[in-house]
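Tertiary structure, described
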Amino acid sequence: MLLLPLVKPSIGDINGDQISELLVQSRDPGSSAMIGLVQYDPKNQDYATGQGLCVLGAQKGAIPGQGIQGSWPIGLNDTYIVLDALSSDSPSSLFVQNQGVQPPAVGVLQMNSSKLAWETIWIAEKSIPSFVPGASSWPMSTKDVYLNLGDINGDGLPELLIQSSVTAQIALLQYNSTEKAFGVLQILSNAVPPLGSGYPSWQMHLQDTYYSVGDINGDGQAEILVQSHNDKNNPYISLLQYDKVKGLSCIWGTVHSIAGASAGTAWTMHIDDKYTVIDDLNQDGIPELMVQSTYINPSSLHDALVGIVKYQGNTANTGGLVSTIVRNSTIPGLSLSTYWQIYPIDTYLSVGDMNADGIPDILVRDNVGVAGYKVALISAFE
């Protein structure tokens, strides 16, 4: 079994024991496709540490349907997105896609807490219909990319973004609690329009990367960060926001660099920078972003950068992202003898508050292995 490489592998406390469970997936071609539930258990003896993880249950073959709904056939290449609760009937739900398989299909699985098992509540094949009058359906492709946006339209339920693998086109999906199904809310092609006068627009490209960044500007709704990879000489990012009248709109953008909040903190962008949501580092109620430069300087592997980015200003078009700190080459430790050597191919993951100081932490993994592969826990360095 493999711990899924999800932004949010935790599916919450599904059995009422005050401990979050994790979703795991088997991708071994030599075995049956299956998914399972894993939980930390101090009584589960591990020979190395004396404590570890235990499996609460596993399902293989197919996820049975709830009521008259059909079952979901589990595949080795299925991709899963952990959703917030879609109803009071279940503490957790999954959005699943049969990536790379014909016909293309997606579905929603809901946890039955009494059975500790998933049940299928919705399946769509080939296209996703709309519940909005006048809106078009979405023709699915096996390589479309799905992203959990959180609640971007203020209806209290999570929305999803679909990015086409065929053309410069995206769609927003909303959950209909009456139908127990996702439907198309809006489809956009080629560009995301500005929110209004004085705002930029976003020119879409097939290789764009979309990030769910939560309510980064404090307006009560989640926003989307989008990054262009189209022109290496003009790296560009924008923030998108859903407006109940105009739909998805662009509210901010910058090219080449992110302005610094103070002297020496400006961030020079590269086309393949990576962004990670780190929740609320400075305890102002608004999530921050960690940005990592993956640009490799041919003259020095140690010339590597990471930084922290936050939203500053009001919610009108005078606000935007600013860089608050930049670390070059190393991240200092708690003592003079400890530090983290930054490499462009390090992996960073937001892991929540692991040291009970009320501030989220960051796990970093060394993928170079010059002195052996290492991991480190980084506390807020804003």
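Residues numbered from 1 in each chain as written. Predicted model: local features only at pLDDT ≥ 70, side-chain atom pairs only at ≥ 80, totals over all residues. Heavy atoms only, no water.

1. Observations regarding the overall build of the protein
Counting its secondary structure elements, the protein contains 0 helices and 34 strands. In the protein, once contacts between residues fewer than 6 apart in sequence are set aside, the share between residues at least 24 apart is 44%. By element, 52% of the accessible surface of the protein is carried by carbon and sulfur atoms, the whole surface being about 17,900 Å². (Helix = DSSP H or I, 4+ residues; strand = E, 2+ residues; numbered from the N terminus. Contact = heavy atoms within 4.5 Å. Areas by Shrake-Rupley, 256 points an atom, 1.4 Å probe, with all protein chains shown as cover.)

2. Regarding the nonpolar core
If you look at soluble globular proteins, the nonpolar side chains tend to sit buried side by side. Membership of the largest hydrophobic core comes to 22 residues, with the highest contact counts inside it found for F95, V106, W122, I128, Y146, L173 and F182. Setting aside chain neighbours within four positions, we find V106 in contact with W72, F95, V96, Q97, W122, I123, A124, I128, M140 and Y146. (Core = buried A, V, L, I, M, F, W, Y, C linked by side-chain atoms within 4.5 Å. Buried < 20%, exposed > 50% of the residue type's maximum accessible area, 1.4 Å probe, protein only.)

3. Considerations on the sheet that holds strand β20 (residues 209-212)
Spatially, β20-β21-β22-β23 is the arrangement adopted by the 4 strands of the open sheet, whose pairing is antiparallel. The two strands at the open ends of the sheet, each matched to only one other strand, are β20 and β23 (247-255). In this sheet, neighbouring strand axes are inclined to one another by 25° on average, regardless of whether the strands run parallel or antiparallel. Pairing between strand β22 (residues 236-243) and β23: 8 bridges, direction antiparallel. (Pairing = 2+ DSSP bridges. Axes fitted to C-alpha atoms, helices over the stretch in contact; angles between N-to-C directions.)

4. What about the packing of aromatic side chains?
Taken as a whole and judged by the stated rule, the model has 7 aromatic pairs. Aromatic pair Y211 and Y275: ring centres 5.6 Å apart, planes at 70°, arrangement edge-to-face. Residue Y211 is located in strand β20, and its partner Y275 is located in strand β26 (residues 274-277); the two are separated by 64 residues in the primary sequence. In this structure Y275 comes out as buried when scored by relative accessible area, which is 7%. Here the aromatic cluster, defined as three or more aromatic residues joined through ring pairs, consists of F95, W122, Y146, Y175 and F182. (Phe/Tyr/Trp six-rings, centres within 6.5 Å; stacked < 30°, edge-to-face > 60°.)

5. Observations concerning the sheet that holds strand β15 (residues 159-163)
With antiparallel pairing, the 4 strands of this open sheet are ordered in space as β14-β15-β16-β17. Each having just a single partner strand, β14 (145-150) and β17 (181-189) make up the two edges of the open sheet. Across the sheet, the mean angle separating the axes of adjacent strands is 25° when strand polarity is ignored. Pairing between β14 and β15: 5 bridges, direction antiparallel.

6. As for the pairing of strand β16 (residues 169-176)
Burial analysis of β16 places 6 of its 8 residues in the buried class, which makes it a mostly covered element. Judged from the 4 bridges that link them, β15 and β16 form a sheet pairing that is antiparallel. Bridge pairing in β16 places I162 opposite A171. Adjacent in sequence and paired antiparallel, β15 and β16 are bridged by 5 residues. When β16 meets β17, the two strands line up antiparallel, connected through 8 bridges. Residue N176 lies in a different strand from β17, and its bridge partner there is A181.

7. What about the pairing of strand β9 (residues 93-97)?
With 5 of 5 residues buried, β9 is to be regarded as a mostly interior element. Of the two faces of β9, the one lined by S93, F95 and Q97 and the one lined by L94 and V96 are each fully buried. As paired elements, strand β8 (residues 79-83) and β9 share 5 bridges and run antiparallel to each other. What sits directly across from I81, in β9, is F95.

8. Some details on the pattern of salt bridges
Per the stated rule, a full pass over the model turns up 1 salt bridge. Where K115 meets E119, a salt bridge forms, and the shortest distance between an N and an O atom there is 4.0 Å. Residue K115 is classed as exposed on the basis of its relative accessible area, which comes to 59%. Looking at E119, the relative accessible area reads 13%, which means it is buried. (Salt bridge = Lys/Arg side-chain N within 4 Å of Asp/Glu carboxyl O.)

9. Quick notes on the confidence of the model for the protein
Mean pLDDT for the protein: 83, with 82% of residues reaching 70 or above. Averaged over each element, pLDDT in the protein is lowest for strand β1 (residues 2-3) (46) and highest for strand β18 (residues 191-192) (98). Note that residues 1-9 has pLDDT below 50 and, in this model, 27 contacts with residues that lie over four places away or in other chains. (pLDDT = per-residue confidence, 0-100.)

10. Notes on the environment of S113
Positionally, S113 belongs in the loop between β10 (105-112) and β11 (117-125). Look at S113 and you get partly exposed, because its relative accessible area is 31%.

11. As for the side chain of T254
With respect to the element layout, T254 can be found in strand β23. Engagement of the side chain of T254 in a polar contact is seen with the backbone oxygen of S257, the distance being 2.7 Å. Beyond its immediate chain neighbours, meaning those up to four positions away, T254 contacts P235, Y236, I237 and M269. (Polar contact = N/O pair within 3.5 Å; in protein donor to acceptor, adjacent residues only side chain to side chain.)

12. So, a nonpolar patch on the surface
A surface patch of nonpolar side chains, amounting to about 330 Å² of accessible area, comprises L349, L363, V375 and L377. Along the polypeptide, L349 turns up in strand β32 (residues 347-352). (Patch = residues over 30% accessible without salt bridge, like charges linked within 9 Å, V, L, I, M, F, W, Y side chains within 5 Å.)

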